[in-house]
Amino acid sequence: MTARPTIGVLALQGDVAEHVHVLETLGADTVKVLSADRLDSVDGLVIPGGESTTMSKLAVRYDLMEPLRKRVANGMPVYGTCAGMIMLADRVLGGTADQETVGGIDMTVRRNAFGRQTESFETGVYIDGIGEDPFDAVFIRAPWVESVGPQVRVLGRVPGTDEAGRIVAVRQGGLMATSFHPELTGDTRIHRLFVDIVKGHP
Ligand SMILES: NC(=O)CC[C@H](N)C(=O)O
């Protein structure tokens, strides 16, 4: 991998510009991905937050769903935030009947899991692999991860009703997902971790 990777941001819908900005700050070249051709040109991909049901429909309409699944199956690193986390989940609870996902991470996520009263909130989360300081995490109508398969590494949790808490950050090989939006807070540690994954660092 070159020192300067090309990272795509899936640009069907959602907060694309914020991810482009952070990735460029970190020295990556970026491409807004709206077609299978563009997808071919990237070393890694970010799937932003937004609305997973809409994103799913648009991915099918733009003939991107199958190419996305193929590249994931072939090992392309992908980082999904919020709706992007849902897109990377093998199983979704609370989705619409026709909602498809790209899949790739052996997990079940629950859409809009934190409930109406807490549509959005901010809290410090310890994330495995980015250092000691908690990450200031912004959650917006966020999913949580209800369960994970044996190959999934849990990177972060927030307090929940039981002792284990709720899983909000995971990684399976080159695929990484967070329930929250690190592109909004100016702390670049999670994007940096992803850029390192794309560069081939473990
Ligand atoms: N901020 C977000 O990405 C919200 C996700 C949205 N609730 C969904 O289900 O797709």
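Model, not experiment: these values are computed from the prediction.

### A closer look at the overall build of the chain
Moving on, step 1. Scanning the chain from terminus to terminus reveals six helices and 12 strands.
Moving on, step 2. Scaling as 2.2 N^0.38, a compact globule of 202 residues should have a C-alpha radius of gyration of about 17 Å, and the chain matches this with 15 Å.
Moving on, step 3. Principal-axis analysis of the C-alpha atoms gives the chain an extent of 45 × 40 × 30 Å.
Moving on, step 4. Out of the 202 residues in the chain, the part that is buried amounts to 45%.
Moving on, step 5. Residue pairs at least 24 apart in sequence account for 65% of intrachain contacts in the chain once pairs closer than 6 positions are excluded.

### Regarding the site of the ligand
Moving on, step 1. In the neighbourhood of the ligand, the contacting residues comprise G49, G50, E51, S52, C82, A83, I86, R111, N112, I140 and R141.
Moving on, step 2. Classifying every residue of the shell around the ligand by side-chain character gives four nonpolar, four polar and three charged.

### A word on the nonpolar core
Moving on, step 1. Residues L88 and V170 are the most contacted members of the largest nonpolar core, which totals 60 residues.
Moving on, step 2. The element best represented in this core is helix α6 (residues 189-198), accounting for six residues.
Moving on, step 3. If we ignore the near neighbours within four places in the chain, the residues touching L88 are I47, V78, G80, V102, G103, G104, I105, L175 and A177.

### Considerations on the environment of A164
Moving on, step 1. Of note, A164 is situated in the loop between β10 (153-158) and β11 (166-172).
Moving on, step 2. Among the residues examined, A164 registers 10 C-beta atoms within 10 Å and is labelled exposed.
Moving on, step 3. Along the backbone, A164 and V154 are 10 residues apart, and their C-alpha atoms lie at a distance of 11 Å.

### Digging into the UniProt feature "active site" (unreviewed entry) in the chain
Moving on, step 1. Listed under "active site" (unreviewed entry) in the UniProt record, and renumbered for this structure, are C82, H181 and E183. Across 102 residues, the annotated set stays spatially compact, with a maximum C-alpha separation of 11.2 Å.
Moving on, step 2. Among the secondary structure elements, H181 is positioned in the loop between β12 (175-178) and α6.
Moving on, step 3. Ignoring sequence-local partners within four residues, the contact set of H181 consists of G49, T81, C82, V138 and I140.
Moving on, step 4. Topologically, E183 is positioned in the loop between β12 and α6.
Moving on, step 5. For E183, the residues in contact, after removing those within four places along its chain, are D15, E18, H19, V22 and T81.

### Points about the UniProt feature "binding site: L-glutamine" (unreviewed entry) in the chain
Moving on, step 1. On the UniProt side, "binding site: L-glutamine" (unreviewed entry) is annotated at positions that read G50, E51, S52, R111, I140 and R141 here. Spanning 92 residues, the named residues form one tight spatial group whose C-alpha atoms are at most 12.8 Å apart.
Moving on, step 2. Ignoring sequence-local partners within four residues, the contact set of S52 consists of A83, I86, M87, Q99 and R111.
Moving on, step 3. Here R141 shows up in the loop between β8 (135-140) and β9 (144-148).
Moving on, step 4. By C-beta crowding, R141 is classed as partly exposed, having 17 other C-beta atoms within 10 Å.
Moving on, step 5. Excluding anything up to four places from it in sequence, R141 contacts N112 and E119.

Conventions adopted
Residues numbered from 1 in each chain as written. Predicted model: local features only at pLDDT ≥ 70, side-chain atom pairs only at ≥ 80, totals over all residues. Helix = DSSP H or I, 4+ residues; strand = E, 2+ residues; numbered from the N terminus. Rg over C-alpha atoms; globule rule 2.2 N^0.38 Å. Buried ≥ 20, exposed ≤ 12 C-beta atoms within 10 Å, placed from the backbone. Contact = placed C-beta atoms within 7 Å. Near = placed C-beta within 6 Å. Nonpolar A, V, L, I, M, F, W, Y, C, P; charged D, E, K, R; others polar. Core = buried A, V, L, I, M, F, W, Y, C linked by C-beta atoms within 7 Å. UniProt positions renumbered as here; feature names shortened; annotations may be inferred.

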